[in-house]
Amino acid sequence: MIVRLDIDQTEPSVFAYRVSVEAETLYDDEGLESLEEALIAAIEGLAPDVVGLEFAYGGVVSGTYPLDVIAANLAQVATHAVNTTAAIYEARSR
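Residues numbered from 1 in each chain as written. Predicted model: local features only at pLDDT ≥ 70, side-chain atom pairs only at ≥ 80, totals over all residues. Heavy atoms only, no water.

J.: Before we move on, could you go through the overall build of the chain and cite the residues and values that matter?
T.: What the chain contains, in helices and strands, is three helices and five strands. Walking the chain from its N terminus toward its C terminus, one meets helices and strands in the order β-β-β-α-β-β-α-α. Here the C-alpha atoms of the chain give a radius of gyration of 13 Å, agreeing with the 12 Å that 2.2 N^0.38 yields for 94 residues. If one aligns the C-alpha atoms of the chain with their principal axes, the spans along those axes are about 40 × 25 × 25 Å. (Helix = DSSP H or I, 4+ residues; strand = E, 2+ residues; numbered from the N terminus. Rg over C-alpha atoms; globule rule 2.2 N^0.38 Å.)

See the structure below:
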């Protein structure tokens, strides 16, 4: 199964996440101190049948990743999400 992970920055240094399947929330949390912390917390709660996730940060999907790729490249996946979202927001403002 592939789930969707949405992470949002709700305040400076405060992040929230929501894990869903077909728009139905499986679980969520808020008050995490970093994007990486939210990503780790979300992955730790996944069911064993989840093989990958569609990752969105700030409402922008940055990619769909196998879980082992995320685990091996956590910082890079988080950085890619931030950069993708920034690029989309910049393009929208033109």
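J.: Report on the pattern of salt bridges, specifying residues and quantitative values.
T.: According to the stated counting rule, one finds four salt bridges in the structure shown. The salt bridge involving Arg-4 is made with Asp-6; its shortest N-O contact spans 3.0 Å. Residue Arg-4 is classed as partly exposed on the basis of its relative accessible area, which comes to 26%. Among the charged side chains, a salt-bridge network with shared partners connects Arg-4, Asp-6, Arg-18 and Glu-54. (Salt bridge = Lys/Arg side-chain N within 4 Å of Asp/Glu carboxyl O. Buried < 20%, exposed > 50% of the residue type's maximum accessible area, 1.4 Å probe, protein only.)

J.: Can you explain helix H3 (residues 74–92)? Please cite residues and give values.
T.: Since the α-helix advances by 3.6 residues per turn, residues separated by three or four positions end up pointing in the same direction. The terminal C-alpha atoms of H3 lie 27 Å apart, and with 19 residues this matches the ideal 27 Å at 1.5 Å per residue to within 8%. Turning to H3, its buried residues number three or more, namely Leu-74, Val-77, Ala-78, Ala-81, Thr-84 and Thr-85. The arc that holds the buried residues of H3, viewed along the axis, is 130 degrees, so those residues lie on one side. Buried residues along H3 sit against helix H1 (35–44), strand S4 (52–57), strand S5 (60–66) and helix H2 (67–72). (Expected span 1.5 Å × (residues − 1). Arc of directions from axis to C-beta. Contact = heavy atoms within 4.5 Å.)

J.: Describe unusual backbone geometry, listing the residues and the values that go with them.
T.: Here the phi dihedral of Ser-13 falls at roughly 60 degrees; this positive angle occurs in a residue that is not glycine. Within the secondary structure, Ser-13 is located in the loop between strand S1 (2–11) and strand S2 (14–21). The phi angle at Ala-23 is positive, at roughly 70 degrees, despite the residue not being glycine.

J.: Requested: an account of the pairing of S5, with residues and values cited.
T.: Strand direction decides the pairing type here: S4 and S5, joined by six bridges, are antiparallel. From the neighbouring strand, Ala-56 faces S5, where its bridge partner is Val-61. The antiparallel pairing of S4 with S5 creates a hairpin that spans two residues between the two strands, and Gly-58 there sits at a positive phi of about 60 degrees. (Pairing = 2+ DSSP bridges.)

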